[in-house]
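Breakdown of the fold
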Amino acid sequence: MKKTLSCFALFFFLVSFGAFAQQEKSLRIHQVGIKFSNLNSFGLQYKTGGEKTLLRLSVLSLNMGQNANWGKPEDSLEIKSSNYGAGFLIGFEKRIPVIAKLDFIWGLEAGVSYFYQKQKQASIGNDYETRDWRLSPGVDVILGFNYTFSDHLVIGAEITPGIYYAYGKTKTTIYSVTSERTNSNFGFSFDNTSAALTLAYRFGK
């Protein structure tokens, strides 16, 4: 009986230790940050996963603007424009240690962005309005480096060359006469707009 209880206790200990070890291994890392690209656009980014592989979710730059220009009353010149846009990306990244606290990262991500712009001009002899929208899905390759300060603050630099497809329409109205044009474009991007810096806070470890 004692031998049976001892074997059972040993088995329970081994199972519990294994489950604890597995739980330790399954602890997730969470990372929340701000992603800057092209020095004038930013977005929010969230990453979660283990030490080597992370799922990444990014909300691209949310932007909205409105402008108005006008001249002298006798000119009867007035120009108004407004625009907004948003997008998101989802993908994964893998980390390869280079030196202490410095990792090389690579991965893939896919997503879509939407942009809308409206412009209206009213003047003597020239009265028109244009509306333009564009939907752009794409797939990017992720290449970069991350440096971690004090296990919490992470600074990253990466480039994301990729392929994209853009589809949209432009509607123009001149003196109550409306015309519509369809726009489509397929291409490969690898320029300064595909470079980004990230400042993030890491927790969960």
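Attention now moves to the layout of surface pockets. Space inside the second largest pocket adds up to approximately 220 Å³. Every residue lining the second largest pocket is counted, 11 residues in all, and those nearest its centre are Glu51, Lys101, Asp103, Thr148 and Arg202. Breaking the lining of the second largest pocket down by element, the ones donating at least two residues are strand 5 (78-99) and strand 6 (102-123). Residues of the lining of the second largest pocket, tallied by class, amount to 2 nonpolar, 1 polar and 8 charged.

Okay, unusual backbone geometry next. Phi at lysine 101 takes a positive value of approximately 70 degrees, unusual for a residue other than glycine. Among the structural elements, lysine 101 can be located in the loop between strand 5 and strand 6. Overall, the relative accessible area of 44% leaves lysine 101 in the partly exposed class.

What follows concerns a nonpolar patch on the surface. A grouping of Ile96, Trp106, Leu108, Val139, Val141, Leu143, Ile163, Tyr165, Tyr167, Phe186, Phe188 and Phe190 is seen on the molecular surface, where their side chains present a nonpolar patch of about 1100 Å² in accessible area. For the nonpolar patch, the secondary structure elements donating two or more residues are strand 6, strand 7 (126-149), strand 9 (162-174) and strand 10 (177-189). Relative to the assigned elements, phenylalanine 190 resides in the loop between strand 10 and strand 11 (195-203). Take phenylalanine 190: its relative accessible area is 53%, and that puts it in the exposed class.

Attention now goes to the pattern of salt bridges. Scanning all chains against the criterion turns up 9 salt bridges. Salt-bridge contacts for glutamate 51 lead to arginine 202; the nearest nitrogen and oxygen are separated by 3.2 Å. You can see glutamate 51 sitting in the loop between strand 2 (41-49) and strand 3 (53-59) and its partner arginine 202 sitting in strand 11, a full 151 residues away along the chain. A salt bridge links glutamate 109 to arginine 56; the nearest nitrogen and oxygen atoms lie 3.4 Å apart. Pair noted here: glutamate 109 is in strand 6 and arginine 56 is in strand 3, with a separation of 53 residues, a long-range link. Note on arginine 56: relative accessible area 0%, which makes it buried.

Looking at the protein as a whole, the pLDDT averages 79, with 74% of positions reaching at least 70. In the predicted structure, residues 1-24 sits below a pLDDT of 50 and forms 0 contacts with residues beyond four places in sequence or in another chain.

Judged by relative accessible area, which is 3%, glutamate 109 ranks as buried. With near-sequence residues (within four places) excluded, glutamate 109 lies in contact with Lys35, Arg56, Leu89, Ile90, Gly91, Gly138, Val139, Asp140, Ile142 and Thr160. Reaching out from glutamate 109, the side chain makes a polar contact with the side chain of arginine 56 at a distance of 3.4 Å.

Each value, and the rule that gives it
Residues numbered from 1 in each chain as written. Predicted model: local features only at pLDDT ≥ 70, side-chain atom pairs only at ≥ 80, totals over all residues. Heavy atoms only, no water. 1 Å grid on protein atoms, 1.4 Å probe; cavity = no way out; pocket = protein on both sides within 12 Å on 5 of 7 lines; lining within 4 Å. Points joined across faces, edges and corners; volume = space filled by probe spheres on them. Helix = DSSP H or I, 4+ residues; strand = E, 2+ residues; numbered from the N terminus. Nonpolar A, V, L, I, M, F, W, Y, C, P; charged D, E, K, R; others polar. Buried < 20%, exposed > 50% of the residue type's maximum accessible area, 1.4 Å probe, protein only. Patch = residues over 30% accessible without salt bridge, like charges linked within 9 Å, V, L, I, M, F, W, Y side chains within 5 Å. Areas by Shrake-Rupley, 256 points an atom, 1.4 Å probe, with all protein chains shown as cover. Salt bridge = Lys/Arg side-chain N within 4 Å of Asp/Glu carboxyl O. pLDDT = per-residue confidence, 0-100. Contact = heavy atoms within 4.5 Å. Polar contact = N/O pair within 3.5 Å; in protein donor to acceptor, adjacent residues only side chain to side chain.

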